[in-house]
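Notes for the structure review
Chain by chain, the residues run as shown.
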Amino acid sequence: MLENLEKRIKRQVHGKLHRFTAVVPLGFEATLVQELRQIGVAAKDDSFETADGKVSFEAKLTEAWKAVAHSRIANRLLMDIASFKAENFRELEKKAAEIPWELYLDERKLASSLQTKDERNNPSISELVTSNSLHIHVTCKHSRLYHSDAVAERFYNVFKGGSLPLVRTASLSTPSAGTPRNAPPQDKPSSQNILVTLIDDRCTVSLDLAGEELYKRGHQRFVNDAPLKETIAAAMLFEAIHCSKGEARPHTSKPDMSGDLTTLIDPMAGSGTFSLEAAYMTNGIIPGMCRDFALKHQPAFKEATWNYLTRVIQSGKAAKDPVQNHDSSIIKILTSDISERAVEIIRHNVECSPLAKIEPALIDPQQKDFFSYTPEEISNIGHDTSNGSRNARVIIVLNPPYGKRLDADAPKLYARIGKKLSDLAQGIGRPLVVAILAPKGTCTDNLLKNCPALATPDTKQIKTSHGGISLNCFVGKIF
């Protein structure tokens, strides 16, 4: 029986092309496409389809594993496992029962973490439902079956073989200031998520390969108020690095990540998200290094293949890396914040990350007000020869306070930021690359009014959102 299942998995799961959908921060769809190409994800015909917050492609399963392990920008990666017409609940349950769930859900691995030794002899998928290891998320639009809870209950019935109260997933709220997030789960594998989408009476069933959202890097992090998600920070860094190199982003080739050296300045660091992500890029630390994934607990998982895809340089010996996912051009990171508490949080986060074992340290946060930086300081940073960074490009990344993080007059603050950026660029006498987030409306208007260089056609404007607030992301060179 087991041998037959393995053959079916090899033929139907590993042997076929599948349709995958990567969920990405709104506005950064094209950025993710470029990252996936850089990682080396081999999509069919090198074709990637984009929609709001999504990138879809067809590929073999192992290519999706590569994206899960190495993508710094994607939030989730879903694999479509079934698609059918369903206009009533009877038809829905019948089609759902026909899905070969044994190819996608490993009953024993999921149940083992939540059962006693004696209970592990004969685990079943129905036990996974009652233990909250299996979650079904439903979206209904323009369909006769419009009640998402009722649709979810029918799927639970397929697993249980009878009526069952819905298992509700806890909402993913943003951690409050001073609380840890990203900590690895204790004695519990990633939960398995099934996503059911009903649009125009067509039901698509997808399997989540990640488990927890991919912005969670797997090591403990303390955060300041309303922390920026790691995936947005990584996307902004990706865009800023390409902008600093003056690179066009071709649609058919991988971007060239080699080139001149770069100094990154993170002067409103908060919890240090920009600095941490930049340091990971520089050191080739893959995002999936410290965490678990749902795909590891699915029947198709092959440990040897996974180890090959996630192989990195270790013990100073260069191994042939199947994935190019680092940027060696960043040779200096300057991290600062006006708040002493923020500096302490950043130091804690560095100590709890894989960066703690790397010498010399790339991140040494200092207490400093962004508005106290002078053109001379910025110019000297770019010409510092101590790290071989003579004439290095300078990138400033900014996630200024907004929403509940800001008690002061927000439009006035963004006017000051715009003027400061213009003064710094004019003072150093050479291009300065800036990547900044600004709330839509008066804050954006004041920023652009006082820093006109960000309003030129050469500056890339990305409309995105974070924490329920609509934002503009500007990435460009200012003079």
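Parameters and conventions
Residues numbered from 1 in each chain as written. Predicted model: local features only at pLDDT ≥ 70, side-chain atom pairs only at ≥ 80, totals over all residues. Heavy atoms only, no water. Helix = DSSP H or I, 4+ residues; strand = E, 2+ residues; numbered from the N terminus. Buried < 20%, exposed > 50% of the residue type's maximum accessible area, 1.4 Å probe, protein only. Contact = heavy atoms within 4.5 Å. Areas by Shrake-Rupley, 256 points an atom, 1.4 Å probe, with all protein chains shown as cover. pLDDT = per-residue confidence, 0-100. Salt bridge = Lys/Arg side-chain N within 4 Å of Asp/Glu carboxyl O. Phe/Tyr/Trp six-rings, centres within 6.5 Å; stacked < 30°, edge-to-face > 60°. Lys NZ or Arg CZ within 6 Å of the ring centre and 35° of its normal. Pairing = 2+ DSSP bridges. Core = buried A, V, L, I, M, F, W, Y, C linked by side-chain atoms within 4.5 Å. Axes fitted to C-alpha atoms, helices over the stretch in contact; angles between N-to-C directions. Parallel < 35°, antiparallel > 145°, perpendicular 65-115°, else oblique. Left-handed = near helix turned anticlockwise from the far one by under 90°. Nonpolar A, V, L, I, M, F, W, Y, C, P; charged D, E, K, R; others polar. Polar contact = N/O pair within 3.5 Å; in protein donor to acceptor, adjacent residues only side chain to side chain.

This part is about the overall build of the chain. For the chain, the helix and strand inventory stands at 14 helices and 16 strands. Taking all 479 residues of the chain together, the buried fraction comes to 52%. Within the chain, contacts between residues at least 6 apart in sequence are counted, and of these 77% link residues at least 24 apart. On the chain, roughly 21,600 Å² of surface is accessible, and the fraction owed to carbon and sulfur atoms is 48%.

The next subject is the confidence of the model for the chain. Close reading of the predicted structure is inappropriate where its pLDDT is low. Confidence in the prediction for the chain averages 83 pLDDT; 78% of positions are at 70 or higher. Note on residues 110–123: pLDDT under 50 across the span, and 20 contacts to partners over four residues away in sequence or across chains. Within the model, pLDDT remains below 50 along residues 162–179, and this stretch shows 37 contacts once partners closer than five positions in the same chain are excluded.

Let us now look at the pattern of salt bridges. As enumerated under the stated definition, the model contains 14 salt bridges in all. Between E49 and R19 there is a salt bridge whose closest N-O contact spans 2.9 Å. In this pair, E49 sits in strand β2 (residues 49–51) while R19 sits in strand β1 (residues 18–23), placing the two residues 30 residues apart along the sequence. The class of E49 is partly exposed, set by a relative accessible area of 44%. The exposure class assigned to R19 is partly exposed, which follows from its relative accessible area of 30%. The network of salt bridges with common partners includes E87, R144 and D201.

This part covers the packing of aromatic side chains. The description of an aromatic ring pair rests on the distance of the ring centres and on the angle between the ring planes. A complete count under the given rule lists seven aromatic pairs for this structure. Between F48 and F57, the ring centres sit 5.4 Å apart and the planes meet at 55°, which makes this aromatic pair tilted. There is no split in this pair, since F48 and F57 are both buried. The structure contains a cluster of three or more aromatic residues connected by ring pairs, namely W65, F293, F301 and W306. Above the ring of Y373, the side-chain terminus of K368 is found at 4.8 Å from the ring centroid.

So, on to the pairing of strand β8 (residues 202–208). Most of β8 is tucked away: five of the seven residues are buried. Sheet analysis places strand β4 (residues 76–85) next to β8, joined by seven bridges and oriented antiparallel. Bridging from a neighbouring strand, F84 pairs with C203 of β8. Sheet topology note: the strand β7 (residues 192–199)/β8 ladder contains six bridges and is antiparallel. Within the sheet, the bridge partner assigned to I199 lies in β8 and is R202. Taking the residues that link successive antiparallel strands as the turn, the β7-β8 hairpin has two residues, and the phi of D200 there is positive, at about 55°.

Right, let's talk about the nonpolar core for a bit. Membership of the largest hydrophobic core comes to 126 residues, with the highest contact counts inside it found for F155, V205, I417, L421 and L432. When near neighbours in sequence (up to four residues on either side) are disregarded, V205 contacts M79, D80, I81, A82, F84, I99, W101, F155, I194 and L195.

If you trace the seven strands from one edge of the open sheet to the other, you get β2-β3-β1-β4-β8-β7-β5, paired in mixed fashion. Both edges of this open sheet fall to β2 and β5 (134–141), since each of them pairs with a single strand only. Averaged over neighbouring strand pairs, the angle between their axes works out to 25° when direction is ignored. Helix α2 (residues 29–39) contacts β1, β2 and β3 (54–59) of the sheet and is inclined by roughly 30° relative to β3.

For V23, the location among the structural elements is in strand β1. Residue V23 is classed as partly exposed on the basis of its relative accessible area of 25%. In this structure the C-alpha to C-alpha distance between V23 and S56, which are 33 residues apart in sequence, comes to 8.8 Å. Not counting residues within four places of it along the chain, the set of residues in contact with V23 comprises G53, A74, N75, R76 and L78.

So, about the packing of helix α4 (residues 89–98) against helix α7 (residues 148–160). Axis separation between α4 and α7 bottoms out at 9 Å; the angle between their running directions is 40°. By the angle between their directions, the pair α4 and α7 is classed as oblique. Seen from above, α4 lies across α7 with right-handed handedness. Contact with α4, carried on its side by F89, L92, E93, A96 and A97, involves A150, V151, R154, F155, N157 and V158 of α7 and no other residues of that element. Looking at the contact of α4 with α7 residue by residue, the classes come out as eight nonpolar, one polar and two charged.

Right, let's get into the sheet that holds strand β11 (residues 330–337). The strand order across the open sheet formed by seven strands is β12-β11-β10-β13-β14-β16-β15, and the pairing between neighbours is mixed. Single-partner strands in this sheet number two, and they are β12 (366–367) and β15 (460–466). Pairing of strand β10 (residues 262–266) with β11, which is carried by five bridges, proceeds in the parallel orientation. When the sheet's bridge partners are listed, T263 is paired in β11 with K332. In the packing of helix α13 (residues 410–428) onto the sheet, contacts are made with β13 (393–398), β14 (432–439) and β16 (469–478), and the angle to β14 comes to roughly 175°.

Attention shifts here to the environment of S191. Tracing the sequence through the fold places S191 in the loop between β6 (180–181) and β7. The spatial distance from the C-alpha of S191 to the C-alpha of L295 is 9.9 Å, given a sequence separation of 104 residues. Among residues more than four places away in sequence, those in contact with S191 are S133, H135, G211 and A294.

By secondary structure assignment, the location of N193 is in strand β7. With a relative accessible area of 5%, N193 lands in the buried category. Side chain to side chain, N193 and H137 meet in a polar contact 3.3 Å long. Separated by 3.3 Å, the side chain of N193 and the backbone oxygen of G211 make a polar contact. The residues touching N193, leaving out its near neighbours within four places in the chain, are R76, H135, H137, S206, L207, D208 and G211.

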